[in-house]
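Analysis of the macromolecular model
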Amino acid sequence: MAQVLMPLKDLVKAKTRLAGLLSTSQRRALAQAMAEDLLAMLTEHPAISRVHLLSDDPSAHLLAARYEGQHWPDVSLPDRSLNTQIRTAATEILNRSNEPLLIVHADLPLLGRADIDTAVALQRDTGGLVVGADRHRLGTNLLCFDHNCVPDFCFGENSCRRHLASAEARGFPAKILLRQGIGLDVDEPADLAELITALAPGQTSRTAQLLATQELANRMAVSMPSIAAPEDANRDVGER
């Protein structure tokens with residue numbers, strides 16, 4: 001078994017880089033749909049014992065309760081950065097349990113059970129840190145570790161490389177995990193275009209249903225000049 005810590009921004013402030021494409025209410029709806037899809041999948045996953053939602057959104061406690069998770073409000077520290085908040089919450093979770101912990105971002109609409117299984121299995125096999133990279137191999141969309149290999153949390157620019165360097169500096173192994181479900185986070189119009197091409201016909205997730213609504217579909221059709229071709233499918237690659 002493993003536990004999950006999911007950071008979630010205030011939904012009103014979410015996805016600002018999509019402002020030229022979606023209205024404020026549409027961006028909020030998209031962020032919530034992706035978060036709910038993930039919470040539903042993780043809550044039902046047989047290998048996940050507990051989901052923790054780290055968020056200062058005013059409705060986050062209700063969202064966590066809906067999916068039988070634990071809400072961690074914004075931690076009251078002088079440094080309110082994402083990395084500090086994650087470190088504080090992760091430390092307390094690991095102190096309570098010997099289970100591995102996954103840090104999973106809330107904007108991964110293609111993340112599935114197999115991605116979680118692969119990350120947890122790789123962490124158990126290596127006994128080190130698993131870094132789930134974004135599709136550009138620059139950012140970090142998922143981390144998996146236990147109390148013996150807690151990294152310095154380096155979310156931000158070039159975080160994938162920095163998480164690997166942190167593990168090396170601390171003397172434990174680290175592996176990169178490249179999978180489509182982990183790699184596609186939705187921050188910019190190109191990411192949304194990638195998502196639309198990747199969604200299977202008849203997809204019934206909240207995110208897919210939202211993107212299929214007439215108003216949103218019309219707005220995207222006008223604003224998006226083209227739809228990018230999907231990148232490589234699932235690949236599991238381990239490297240320093």
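Procedures and definitions
Residues numbered from 1 in each chain as written. Predicted model: local features only at pLDDT ≥ 70, side-chain atom pairs only at ≥ 80, totals over all residues. Heavy atoms only, no water. pLDDT = per-residue confidence, 0-100. Contact = heavy atoms within 4.5 Å. Helix = DSSP H or I, 4+ residues; strand = E, 2+ residues; numbered from the N terminus. Buried < 20%, exposed > 50% of the residue type's maximum accessible area, 1.4 Å probe, protein only. 1 Å grid on protein atoms, 1.4 Å probe; cavity = no way out; pocket = protein on both sides within 12 Å on 5 of 7 lines; lining within 4 Å. Points joined across faces, edges and corners; volume = space filled by probe spheres on them. Nonpolar A, V, L, I, M, F, W, Y, C, P; charged D, E, K, R; others polar.

Confidence along the protein chain averages 91 in pLDDT terms, with 91% of residues attaining 70 or more. Counting contacts from residues 227-240, a segment whose pLDDT is below 50, to residues more than four positions away or on other chains yields 35 contacts.

Attention now moves to unusual backbone geometry. For Lys15, which is not a glycine, the phi torsion comes out positive at approximately 60°. Residue placement: Lys15 occurs in the loop between strand S1 (2-8) and helix H1 (24-44). For Lys15, a relative accessible area of 12% corresponds to the buried category.

We now examine the layout of surface pockets. Empty space within the largest pocket amounts to approximately 1100 Å³. Lining the largest pocket we find 36 residues, and of these Lys9, Leu82, His105, Asp107 and Asp187 sit closest to its centre. If you list the elements that add at least two residues to the lining of the largest pocket, you get S1, H1, strand S2 (48-55), helix H3 (82-96) and strand S6 (140-145). Tallied by class, the residues present in the lining of the largest pocket amount to 11 nonpolar, 11 polar and 14 charged. Every residue lining the second largest pocket is counted, 11 residues in all, and those nearest its centre are Ile196, Leu211, Ala212, Ala217 and Met220. Of all the elements in the fold, those that place two or more residues in the lining of the second largest pocket are helix H8 (206-211) and helix H9 (214-223). In terms of residue count, the dominant contributor to the lining of the second largest pocket is H9 (3 residues).

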